[in-house]
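Structural overview for review
What follows is each chain in one-letter form.
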Amino acid sequence: MALLKEFLTKSWKRLGLTVLAGVVLIGVGLNLLLWPDSQVGFYNEGLQAYRTGRAQEAVQLFDRSLAVYKQRSNDSWLERFVYPAPSREYASYAAFHKAKALLMLKKGKPAVEAFKESLRFNPGTGFEELPGYEHLSQDDVQRLTDQSLIVKYDLELLFKNNKQLAQGEGKGEGKPQPGDQDGKKQQPGQQPGDKPGKGNKDAI
């Protein structure tokens, strides 16, 4: 009887631990399912504000998206294990559209800095050396390269149209490369691709 009682006690303990582990895993799964990606959320809100002419609000929202990325880049190993990694690519989107919103506000110098920040997140080359760009497919590399060229084009066009800004950066008269599919000149502040949300990584 003593052996049977000990066996039943151990069995109940194992069952209790199994149930507890199951509850924890279900809780983690539900948390991940309902977890909002605030980096992308603020980016989408900023994009909507930009598209409707609310440039100052757009700048603030893109800044919040960038702040989330920078904060979550310092997550602990446990947070990185539980939650999806922040998106370096969306950080480049946010900085780029922040630059265009700043141009709407006629703030050229901060716009230059935002363009440069976008290029730091996505320089268009050397992806294998940048955290956040691991395991890229050939299509991913091509998409990121194309997006970087758009940012560089808009920045060079800004320098060409604003000699004072160009001189402040130590540049002469810029000569942007043609990149518009319709043969029309792309202007700083235009929207080359503005669909919000994840799953639209074909446009910056």
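So, here is what we can say about the structure in this document. For clarity, every value in this text was computed on a predicted model and none was experimentally measured.

**Remarks on the overall build of the protein chain**
Scanning the protein chain from terminus to terminus reveals 8 helices and 0 strands. Order of helices (α) and strands (β) in the protein chain, N terminus to C terminus: α-α-α-α-α-α-α-α. Here the protein chain, with 204 residues, has 36% of them falling under the buried criterion. Contacts in the protein chain between residues far apart in sequence, at least 24 positions, make up 68% of those at least 6 positions apart. For the protein chain, the accessible surface area stands at approximately 12,900 Å², while carbon and sulfur atoms represent 57% of it.

**Thoughts on helix α6 (residues 108–121)**
A rise of 1.5 Å per residue sets the reference length of α6, with its 14 residues, at 20 Å; its end C-alpha atoms lie 20 Å apart and thus fit the reference within 8%. Those residues of α6 not exposed but buried are Gly108, Ala111, Val112, Ala114, Phe115, Glu117, Ser118, Leu119 and Phe121. In this fold, the buried residues of α6 make contact with α3 (55–72), α5 (88–104), α7 (138–161) and α8 (163–168).

**So, the packing of helix α2 (residues 38–51) against α5**
At a closest axis distance of 10 Å, the pairing of α2 and α5 adopts a crossing angle of 25°. By the angle between their axes, α2 is roughly parallel relative to α5. Taken as a pair, α2 and α5 cross one another with a handedness that is left-handed. Here Gln39, Val40, Tyr43, Leu47 and Tyr50 of α2 come into contact with α5, specifically with Tyr90, Ala91, Tyr93, Ala94, His97, Lys100, Ala101 and Met104. In terms of residue class, the contact of α2 with α5 is built from 10 nonpolar, 2 polar and 1 charged.

**Side note on the pattern of salt bridges**
Within this structure, the stated rule accounts for 6 salt bridges. Note that Glu57 and Arg54 form a salt bridge whose closest N and O atoms lie 2.6 Å from each other. We classify Glu57 as partly exposed; its relative accessible area is 35%. A salt bridge links Arg143 to Asp140, with the nearest nitrogen and oxygen atoms 3.0 Å apart. Here Asp140 and Arg143 lie together in helix α7, a separation of 3 residues that amounts to about one turn. One salt-bridge network, held together by shared partners, links Glu89, Asp140 and Arg143.

**Overview of the packing of α3 against α5**
When two helices pack together, their arrangement is captured by the angle between the axes and the distance separating the axes. Between α3 and α5, the shortest axis-to-axis distance is 9 Å and the interhelical angle comes to 155°. Regarding the angle of α3 to α5, the classification is roughly antiparallel. Considering the relative orientation of α3 and α5, their crossing is left-handed. Along the contact surface, α3 presents Ala55, Ala58, Val59, Phe62, Asp63, Ser65, Leu66 and Tyr69, while α5 presents Arg88, Ala91, Ala94, Ala95, His97, Lys98, Ala101, Leu102 and Met104. The class makeup of the residues in the contact of α3 with α5 is 12 nonpolar, 2 polar and 3 charged.

Cut-offs applied
Residues numbered from 1 in each chain as written. Predicted model: local features only at pLDDT ≥ 70, side-chain atom pairs only at ≥ 80, totals over all residues. Heavy atoms only, no water. Helix = DSSP H or I, 4+ residues; strand = E, 2+ residues; numbered from the N terminus. Buried < 20%, exposed > 50% of the residue type's maximum accessible area, 1.4 Å probe, protein only. Contact = heavy atoms within 4.5 Å. Areas by Shrake-Rupley, 256 points an atom, 1.4 Å probe, with all protein chains shown as cover. Expected span 1.5 Å × (residues − 1). Axes fitted to C-alpha atoms, helices over the stretch in contact; angles between N-to-C directions. Parallel < 35°, antiparallel > 145°, perpendicular 65-115°, else oblique. Left-handed = near helix turned anticlockwise from the far one by under 90°. Nonpolar A, V, L, I, M, F, W, Y, C, P; charged D, E, K, R; others polar. Salt bridge = Lys/Arg side-chain N within 4 Å of Asp/Glu carboxyl O.

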